[in-house]
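Spelled out, the chains give:
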Amino acid sequence: MPLILLIFVHFLEHREDQLAQARDRVISLAERGAADHAATILHVHSTLRMLALVPDVRWAMPRSCKDILYQAKDLNPWAVGFAVADTKGTLLCSTVDGAPDATVGEHDFFRRTLREKTFVTGGYWHRGEGKGRRWRPGFPS
């Protein structure tokens, strides 16, 4: 009986150690994920701020705006595309060919961007089948 009890206690101690290690790994993974997310948000914000300072993008010049947005898209593999919209949400210049939205005016992130006059990220949205989930940031110029 004492041997069985000793084995059982050893099993419980080993199990507690494994649970503690698993908790530590989960916390570490969550911290790394949060740091990666914060770095991504900072990079997106910086990219949008830079694009908003370019006059051709700011004023949605027909030819040059799209070229500049395509260059920014090529430099940023995380980006599905970039777009410039007027205050009603109508897309004036966009890199998203065949975009399902001719307007972004009904989206919460866009309305919040206009209301708060600041960088905003929208919730996740699906972009077609197999394309995964993406979020939409907005930045007022």
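Residues numbered from 1 in each chain as written. Predicted model: local features only at pLDDT ≥ 70, side-chain atom pairs only at ≥ 80, totals over all residues. Heavy atoms only, no water.

*Asks:* Quick rundown of the overall build of the chain? Include the residues and the values.
*Replies:* Within the chain one finds four helices and four strands. Ordering the α and β elements of the chain from the N terminus gives α-α-α-β-β-α-β-β. Taking all 141 residues of the chain together, 21% fall into the buried category. Sequence separation of 24 or more characterises 37% of the internal contacts of the chain that already satisfy a separation of 6 or more. For the chain, the exposed area adds up to about 10300 Å²; of that, 60% sits on carbon and sulfur atoms. (Helix = DSSP H or I, 4+ residues; strand = E, 2+ residues; numbered from the N terminus. Buried < 20%, exposed > 50% of the residue type's maximum accessible area, 1.4 Å probe, protein only. Contact = heavy atoms within 4.5 Å. Areas by Shrake-Rupley, 256 points an atom, 1.4 Å probe, with all protein chains shown as cover.)

*Asks:* Can you lay out the nonpolar core for me, pointing to particular residues and giving the numbers?
*Replies:* Judged by nonpolar contacts, the single largest core of 13 residues is most densely connected at Leu-51, Leu-69, Phe-82, Val-84 and Cys-93. Secondary-structure elements contributing two or more residues to this core are helix H1 (2–53) and helix H3 (62–75). The contact partners of Val-84, leaving out residues within four places of it in the chain, are Val-57, Ala-60, Cys-65, Leu-69, Thr-90, Leu-91, Leu-92 and Cys-93. (Core = buried A, V, L, I, M, F, W, Y, C linked by side-chain atoms within 4.5 Å.)

*Asks:* Give me the lowdown on a nonpolar patch on the surface, citing residues and values where you can.
*Replies:* On the surface, Leu-5, Phe-8, Val-9, Phe-11 and Leu-12 cluster together into a nonpolar patch covering about 470 Å² of accessible area. Along the chain, Leu-5 falls in helix H1. (Patch = residues over 30% accessible without salt bridge, like charges linked within 9 Å, V, L, I, M, F, W, Y side chains within 5 Å. Salt bridge = Lys/Arg side-chain N within 4 Å of Asp/Glu carboxyl O.)

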